[in-house]
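# Breakdown of the fold
Residues per chain, in single letters:
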Amino acid sequence: MNKFIIPTNMNHSGVKTIFTTRMDGDRKDPLKGFNLSFINGVSEGSCGEQKSIIENRSYLASFLGVNLDSLVIPVQRHTDKVWIISETSIQSPIEADAIITSMRGIVLGVLVADCVPILIYDPDSGVISAIHAGWRGTASGIIKKVLDIMNKKFNTSISKTIISIGPSIRWCCYEVDPDVLKAVEKETGNLKEYSKGKDNGKYYIDLALANQIQAVSLGASNIWISEECTHCNPERFYSYRYYKGVTGRQGGFIGII
Ligand SMILES: [Zn+2]
């Protein structure tokens, strides 16, 4: 089984795109494996764990052909804030849940454990983006906001963008309150296409499909979605719900190296 997932619609020369997995994860251990995040369960005193996270990020950076310093990951807060990186604005990570750049030689990344990692590439302008979309980001239309910025600021033709949506919790497992359904529907429409009620009276939603619908509404058509559910495969992916909030993070990464 592949340890890194390469979306089939991103096999262009020039752009490197991957979604990571836990690699050698263990269903019984919420952190073991290729964890890329310092948050959740890794305390200040856990020197061994922190060292392994830096080693994992270093391995990933060298796999992608950049230095560790060129791996740019925002401080994610479930907002719709977009960080546009230029030569003059690349600094310490700032709070944002999406990043856009036209710079070469850096890799944009987002970290997830059930939320939806989305990577976007415009082959014409060479602009790339990485997005973290949980239900809040989806309900605030963060993918539409990114596509709109790419269009207005970088002259991206949205119909020509290539979009890859990585592993996330799917509607087999993602039970939500009616308030969440309503919030996502308000931004997305077409509720029946990405949600369903079950016999137990609970509602289930699929945020990957909701983000796909939002992107299609703006003209995108080349969209790949991973078939894997993070919650169904806890030995392969970190899952916030499966481990009740204490777990590591996999990620989605894109760069023009
Ligand atoms: Zn599932």
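Throughout, a residue's number is its position along its own chain's written sequence, starting from 1. Since the coordinates come from a predicted model, pLDDT governs what is reported: local features require at least 70, and pairs of side-chain atoms require 80 or more to be given and counted, while whole-chain, interface and lining totals use all residues.

A few words on the overall build of the protein chain. Looking only at helices and strands, one finds 5 helices and 14 strands in the protein chain. Dimensions of the protein chain, computed from C-alpha atoms along their principal axes, come out at roughly 50 × 45 × 30 Å. The buried share of the protein chain, taken over its 257 residues, is 47%. Helix and strand definitions here come from DSSP, where helices need a minimum of 4 consecutive H or I residues and strands a minimum of 2 consecutive E residues; each element is numbered from the N-terminal end. Neighbour counting defines burial: a residue surrounded by 20 or more other C-beta atoms within 10 Å of its own C-beta is buried, one with 12 or fewer is exposed, and intermediate counts give partly exposed, using backbone-placed C-beta atoms.

With that out of the way, let us pick up the nonpolar core. If you look at the biggest cluster of nonpolar residues, it comprises 67 residues, and the most contacted ones within it are A98, I99, L108, I118, I131 and V146. Placing a C-beta atom from the backbone of each residue, one calls two residues in contact when those atoms lie within 7 Å. The contacts of V146, once residues within four sequence positions are left out, are V82, A98, I100, I120, S129 and I131. The nonpolar core criterion groups buried Ala, Val, Leu, Ile, Met, Phe, Trp, Tyr and Cys residues into a set whenever they are joined through C-beta atoms within 7 Å.

Here the focus is the packing of helix α4 (residues 178–188) against helix α5 (residues 207–217). The geometry of a pair of packed helices is captured by two quantities: the angle between their axes and the separation between those axes. Two numbers describe how α4 lies on α5: the axes approach to 10 Å, and their chain directions differ by 20°. For the element pair α4 / α5, the angle class is roughly parallel. Once α4 is placed against α5, the crossing between them reads as left-handed. Note on element contacts: α5 touches α4 through A210, I213 and Q214, opposite V184, E187 and T188. For this classification, the nonpolar set comprises Ala, Val, Leu, Ile, Met, Phe, Trp, Tyr, Cys and Pro, the charged set comprises Asp, Glu, Lys and Arg, and every other residue, Gly included, is treated as polar. Classifying every residue of the contact of α4 with α5 by side-chain character gives 3 nonpolar, 2 polar and 1 charged. Simply put, an axis is a line fit to the C-alpha atoms, just over the touching stretch for a helix, and the angle between two N-to-C directions goes from 0 to 180 degrees. Throughout this description, any angle smaller than 35 degrees is read as roughly parallel, any larger than 145 degrees as roughly antiparallel, any in the 65 to 115 degree range as roughly perpendicular, and the remainder as oblique. Handedness of a crossing is defined here by the sense of rotation of the near helix relative to the far one, left-handed for an anticlockwise turn of less than a right angle and right-handed for a clockwise turn.

With respect to topology, 5 strands assemble into an open sheet ordered β1-β2-β14-β6-β3, the strand pairing being mixed. Edge positions in the sheet fall to β1 (4–5) and β3 (71–72), since each has one partner strand and no second. A pair of strands is considered paired only if DSSP assigns at least 2 bridges between the two.

Where burial is concerned, the two faces of strand β5 (residues 98–101) agree: the one with A98 and I100 and the one with I99 and T101 are both buried. Here strand β4 (residues 82–85) runs beside β5; their pairing, made up of 4 bridges, is parallel. Counterpart to W83 in the pairing with β5 is I99.

Bringing the packing of helix α3 (residues 142–154) against α5 into the picture now. Running from N to C, α3 and α5 cross one another at 35°; their axes reach a closest spacing of 9 Å. Here α3 runs over α5; the crossing is right-handed. Contacts between α3 and α5 involve I143, K144 and L147 on the former and, on the latter, N211, Q214 and A215. Counted by class, the contact of α3 with α5 contains 3 nonpolar, 2 polar and 1 charged residues.

Turning to the sheet that holds strand β12 (residues 203–205), a few remarks are in order. The strand order across the open sheet built from 3 strands is β10-β12-β11, with neighbouring strands paired in antiparallel fashion. The sheet terminates laterally at β10 (175–176) and β11 (195–197), the two strands that pair on one side only. Sheet topology places β11 next to β12; 3 bridges connect them, and they run antiparallel. If you follow K196 over to β12, its bridge partner there is Y204. Here α4 sits on the sheet and contacts β10, β11 and β12; the angle it forms with β12, its principal contact strand, is near 40°.

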